[in-house]
Amino acid sequence: MKNIYSNILKFNKNTLFKTLRYLKKNKIVGLPTETVYGLAGNAYSNESIKKIYSIKKRPKKNPLIIHYYDLSRTSKDIKIDNDLVKLYKKLCPGPITFVVKKKKSSKISNLSTAKLNTVAVRFPSNKKTRIILKKLNFPLAIPSANKSSGVSPVNAKDVAEEFRNKLKIIIDGGDAKFGLESTVIDLTNKARILRPGVIGNIKISKILKKKISLAKSQKIIRSPGSLKKHYSPNIPMKLNQIKAKKNDAFIVFGKKYKNRKNTFNLSKKSNLNEAAKNLYRIFRKIKKLNYKKISVVKIPYKGVGIAINDRLKHAAS
Ligand code: TXA
Ligand code: MG
């Protein structure tokens, strides 16, 4: 497909250099990660963080995730405990975020952590973003690159459409590998999952050799700042439906559904990982096609299905 957006840049020596220059000047850039695309800025700079909140129209009380190249680079900013080390060794770099205690001496901008004494840290695996992180001497605050409460972007074009020419650099990293935001696990007390993701509680339990509480679907323990409505295409959405009116978009899962004009299949093969990857792309497509209502079939509540159900629930609320 032809790239009609001049701010979507192919990753090469020149654009890497330009991106680093922008970030060092406390400017904001769009970057790919393995989960969703993000808006990146210097996490040590109030100026950068202000820009991120302003362009996203994000409530100040909703803290950002700080992205590092590796665990050794976090040592001045956070308290590193055993659980973090164990999970890091098995799962990182990868799609998981850890809420940990912040050190008093930390240089992380207070604005990015909503003045909490905890901070969320993540080590993304996307190769391009890792090269960028490696070359900087500060970590990056990277929220998903969408306006607050909207649908996270899963490719560079989504980011360009969301922010138009307000962003000068969006690094093209193709389609995001997972298409769903990272698992957020709180390690500051008894380990518990605040936001389910592709890495599930069973896997985490095995690594830590203890039970990990998972937010129940009805009373999800949200990260502090997150709004009830989230991940939303802003179209009325009904969940657990068995059919849809022909003028409504119908999001389905599995091969038993016929290919109709208004039908959007998350995965014909009933594969939950594929469904996760397709979810936000389908939300955006339905929005572009101007549907006024969405019906969604029941999605199995297991594995990645737990994360998909979480996002659907927020999108529908
Ligand atoms: O996959 C991801 O995590 C993506 C990519 C770009 O890395 N980023 C992302 O960031 O999803 P964002 O800002 O859209 O979501 C961050 C989530 C929010 O729910 C926020 O409340 C939570 O992390 N969070 C951040 N700091 C926290 C803290 N100290 N305690 C609890 N939750 C926190
Ligand atoms: Mg987000």
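Residues numbered from 1 in each chain as written. Chains lettered and ligands numbered in written order. Predicted model: local features only at pLDDT ≥ 70, side-chain atom pairs only at ≥ 80, totals over all residues. Heavy atoms only, no water.

1. Considerations on the confidence of the model for the protein chain
And step 1. Averaged over the protein chain, the pLDDT score is 94; the fraction of residues at 70 or greater is 95%.
And step 2. Within the model, pLDDT remains below 50 along residues 217-221, and this stretch shows 11 contacts once partners closer than five positions in the same chain are excluded. (pLDDT = per-residue confidence, 0-100. Contact = heavy atoms within 4.5 Å.)

2. Describing the site of ligand 1
And step 1. Near ligand 1 you find 25 residues, and of these T35, R58, N62, H67 and S182 are the closest.
And step 2. A distance of 2.6 Å separates an oxygen atom of ligand 1 from a polar side-chain atom of S182.
And step 3. In the complex, 97% of the free accessible area of ligand 1, which totals 690 Å², lies under the protein chains.
And step 4. Listed by contribution, the elements that provide at least two residues to the shell around ligand 1 are β4 (65-67), β6 (118-122) and β10 (192-195).
And step 5. Ranked by residues supplied to the shell around ligand 1, first place goes to β6 with four residues. (Near = heavy atom within 4 Å. Polar contact = N/O pair within 3.5 Å; in protein donor to acceptor, adjacent residues only side chain to side chain. Areas by Shrake-Rupley, 256 points an atom, 1.4 Å probe, with all protein chains shown as cover. Helix = DSSP H or I, 4+ residues; strand = E, 2+ residues; numbered from the N terminus.)

3. With respect to the pattern of salt bridges
Pairing between side chains of opposite charge can happen when the charged atoms of each approach one another.
And step 1. In this structure the tally under the stated criterion is 11 salt bridges.
And step 2. Among the salt bridges present, the one from E181 reaches R311, with a minimum N-O distance of 2.8 Å. Pair noted here: E181 is in the loop between β8 (170-171) and β9 (183-186) and R311 is in helix α8 (residues 304-316), with a separation of 130 residues, a long-range link.
And step 3. A relative accessible area of 3% means that E181 is categorised as buried.
And step 4. Each of K157, E161 and K288 takes part in one network of salt bridges that share partners. (Salt bridge = Lys/Arg side-chain N within 4 Å of Asp/Glu carboxyl O. Buried < 20%, exposed > 50% of the residue type's maximum accessible area, 1.4 Å probe, protein only.)

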